[in-house]
Amino acid sequence: MKRWWIPVGILLLLSVLLSGCAGGVRQDSWSGLIVDEGVVYAANSADVVALDATTAELLWRFPDAPAKNIGPFYATPVLAEEASLLLVAGFGDKTVYALRTGLIPAGVSRVVWTFPTETNSGGLIALPWQGNGEGAGGQYVGSGVVADGLFIIGNGDGFVYALNLSNGAQVWAFQTGGRVWADPVVVDDEVYVASMDGHVYALNLADGTLRWQQELDAAVTGTPAVVGDALWVGDFSGQLYQLSLADGNLRQTFTGNDWFWAAPLGVDERLFAVDISGYVYALDALTGEALWPAPAHVDDLVRGQPALTAEGVLLVPGHESGLIYALDAETGDPIPWGLAPERPGRLPSDVVVVDERVYVMPIQAEARIRVFSMSNGALLWQYPAATQ
Amino acid sequence: MWDLLVVDPMINMLLFFYKFVGQQTVVAVALVTLAVRLLLTPLTLNQQKTAGRQQALQPKMKELQEKYKNDKERLAQEQMSLYREMGINPMSGCLGSLIQLPLMIGLYQAIIRTLAATPLGLLDLPQHIYNISWLDLSGIVPLNSQFLWLDLALPDPYFVLPILVGVTSWLMQKMLTPPSADPQTQSMTQSMQITMPLFMTFISLNYASGLSVYFVISNLVGILQFYLFRNQYAMARGEDQKAKKGKKKTAPATSGATPRKKKTA
């Protein structure tokens, strides 16, 4: 009897072992959502959806054919041109899509342009007025920002791209020394970019030329927060830095316990920052002094940016547990709030608070979007709706 | 438990070498692969000595199979007593593989996790890094994954590494697998000599090139070890032959182990 099946069996076993050992490389991703004029725009795992914020009714989906998968997404969608254009950047197909919002007549494409012209998924037909097709070589993780007729976004290839909002043509590109996963920030005519090469760059908005750069101790993934005339940014060495907007000079540092991945949150003259070990810090954004006697701590891994409600409650997303932790923003004390949903999944994305509602996008859960009442933490709806 | 005992130490070793030896991921991967292979050297040696001795016993085994083809119980007893007589533990070869394979899979996992090509992968990484303040290993993440034309977190776009993986895997299979007197075993061995390198090439084409670097280095170290220790394999076989000759003089009825015949053209 031939024993050919033995090596084949061994190889099959090895295949199973190796594919099972891919070590955290999951198809799942965290993405973000925005809420505008009663509509929720979310980059889902495989598509982009627009939902009624009150009823959760699906208004439109892109691509409209369920078989087409343009995900996964990490970047939060961005609205432009008086909310008539939705800009989403894909991690999987390395493509920026400019989509028409609202209902569109039959025969009209939802896609206004893509960058690059040919989408990497191969599932879409390039339109003749699209950009010059130079395109980005890496994946998009951070979201972009709209300013002065441009859409500016960082890419995994280490470049920051500025695209013409009207046609997606590349206006300029600036190369950093590492992946750019943080959102760029625009103040007046300057773009601030934090890179995983451990630098913060200030660029001219018009042409992308360098104004100044400041080297930090480690990689930066969190979007900088602008408070007054300074920029606060955290890095993987566990430090928060306050840089002068004018020249990038380091004014002061604050040392946390672990990586700062979530973007710090600047509100008035206060800065809230959370490291991935769940330590939450409240600082005076001007002096850098701690506002709480000791950092608050949530027993969880935290990646997403917290949100501050009008009632002064700081909501912190817990990645491991999938729970939202509520803290008193004045003292850092925990506040009882909300109920743990069944099978909460994980919560690596930001918390969004709009109109007394709390929006989150869990992963590894049956729902991709969950909406809670701010007043009592009750689950208002989830998308897709729970199966009975 | 798997992470704690196998993967995490390797992740930290990778980060340690990265931090203190040139901040080059390729160098770190090479050093950790080398360290693991060196750690496994006694096992590899023992495994191959056993393989050599078992190979030398093949003609004798065949005789026994012929003699007791209708009495499997007796055959098993005779085989075991032959192994005992020659001082061979037939399970020791398996034991080596049983320990090596998980370590190799662990190293593979450590490389993939340390390269952390996706945001979720990177988010998973800090909980595997030892919190030793003076080492500060978490501050060096993410590692520089650029090397020559390669992004170590992505497959090689020019297929150089997959080809190297295929060639070195074939060479290693060819060198380390002894020919067998049993036609069925020989057929299986030959099949493995082709399918294994093809499989490794396929994996290299589709997975992170950092993994291909590990495959190539691991194969090269295996080949080097074979050259360095081949005298010991020959000695192992030689001892068996001497033992056989000695037995022939004193107890001709139980002799029969013959030295491996050289292949003639």
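Computed from a predicted structure; not experimentally measured.

A. Structural detail: the environment of Y201 of chain A. Residue and element names in this part refer to chain A. The residue Y201 is located in strand β15 (residues 199-204) in this model. The class of Y201 is buried, set by a relative accessible area of 5%. Residues Y201 and G248 lie 47 residues apart in sequence; the distance between their C-alpha atoms is 8.3 Å. For Y201, the contacting residues outside a window of four places in its chain are F174, T176, G177, V191, Y192, V193, S195, L210, W212 and Q213. Reaching out from Y201, the side chain makes a polar contact with the side chain of D197 at a distance of 2.4 Å.

B. Here's a closer look at the pattern of salt bridges. All names here are of chain A. Summed over all chains, the structure comprises 11 salt bridges over all chains. The salt bridge involving R211 is made with E190; its shortest N-O contact spans 2.6 Å. Here R211 is found in strand β16 (residues 210-215), whereas its partner E190 is found in strand β14 (residues 190-194), with 21 residues between them in sequence. Looking at R211, the relative accessible area reads 36%, which means it is partly exposed. As a salt-bridge pair, R251 and D229 come within 3.0 Å of each other at their nearest N and O atoms. Placement of the pair is R251 in strand β20 (residues 250-255) and D229 in the loop between β17 (225-227) and β18 (230-234), with a sequence separation of 22 residues. A residue is classified by how much of its surface remains accessible, and D229, at 45% relative accessible area, is partly exposed. If you follow the salt bridges from partner to partner, you end up with D189, E190 and R211 in one network.

C. The arrangement of the pairing of β16 of chain A in detail. Residue and element names in this part refer to chain A. The pairing of β15 with β16 spans five bridges and is classified as antiparallel. Bridge pairing in β16 places A202 opposite W212. Taking the residues between adjacent antiparallel strands as the criterion, β15 and β16 are bridged by five residues, where G208 takes a positive phi near 75°.

D. Structural detail: the packing of aromatic side chains. Residue and element names in this part refer to chain A. Applying the stated rule across the entire model yields 22 aromatic pairs over all chains. Ring centres 5.8 Å apart and planes at 35° place the aromatic pair F159 and Y161 in the tilted group. Relative accessible area serves as the criterion here: at 24%, F159 is assigned to the partly exposed category. On the numbers, 6.4 Å between centres and 40° between planes, the contact of W259 with W261 is tilted. Grouping residues by exposure puts W259 and W261 together as buried. The structure contains a cluster of three or more aromatic residues connected by ring pairs, namely W30, Y74, F91, W181, F236, W259 and W261. Sitting above the plane of the W60 ring, R110 keeps its charged end 3.9 Å from the centroid.

E. Region of interest: a nonpolar patch on the surface. Residues and elements named next belong to chain B. Where nonpolar side chains cluster on the molecular surface, the patch consists of F159, I163, V167, W170, L171 and L205 and spans about 550 Å² of accessible area. Per-element accounting of the nonpolar patch gives the leading share, four residues, to helix α8 (residues 160-176). Structurally, the position occupied by W170 is in helix α8.

F. The arrangement of the sheet that holds strand β19 (residues 239-244) of chain A in detail. Residues and elements named next belong to chain A. If you walk across this open sheet you meet the four strands as β17-β18-β19-β20, and the pairing is antiparallel. The sheet is open, and its two borders are formed by β17 and β20, each paired with just one other strand. The mean angle between the axes of side-by-side strands here comes to 25°, regardless of whether they run parallel or antiparallel. Here three bridges tie β17 to β18, and the two strands are oriented antiparallel to one another. Its bridge partner lying in β18, A225 is registered against W232.

G. Just the sheet that holds strand β12 (residues 170-175) of chain A, in detail. All names here are of chain A. What the four strands build is an open sheet, ordered β9-β10-β11-β12; its pairing is antiparallel. At either margin of the open sheet sits one strand with a lone partner, and together these are β9 (145-147) and β12. Across the sheet, the mean angle from the axis of one strand to that of its neighbour is 20°, orientation sign disregarded. When strand β10 (residues 150-154) meets strand β11 (residues 159-164), the two strands line up antiparallel, connected through five bridges. For F151, the partnering residue across the bridge sits in β11 and is L163.

The rules behind the values
- Residues numbered from 1 in each chain as written.
- Chains lettered and ligands numbered in written order.
- Predicted model: local features only at pLDDT ≥ 70, side-chain atom pairs only at ≥ 80, totals over all residues.
- Heavy atoms only, no water.
- Helix = DSSP H or I, 4+ residues; strand = E, 2+ residues; numbered from the N terminus.
- Buried < 20%, exposed > 50% of the residue type's maximum accessible area, 1.4 Å probe, protein only.
- Contact = heavy atoms within 4.5 Å.
- Polar contact = N/O pair within 3.5 Å; in protein donor to acceptor, adjacent residues only side chain to side chain.
- Salt bridge = Lys/Arg side-chain N within 4 Å of Asp/Glu carboxyl O.
- Pairing = 2+ DSSP bridges.
- Phe/Tyr/Trp six-rings, centres within 6.5 Å; stacked < 30°, edge-to-face > 60°.
- Lys NZ or Arg CZ within 6 Å of the ring centre and 35° of its normal.
- Patch = residues over 30% accessible without salt bridge, like charges linked within 9 Å, V, L, I, M, F, W, Y side chains within 5 Å.
- Areas by Shrake-Rupley, 256 points an atom, 1.4 Å probe, with all protein chains shown as cover.
- Axes fitted to C-alpha atoms, helices over the stretch in contact; angles between N-to-C directions.

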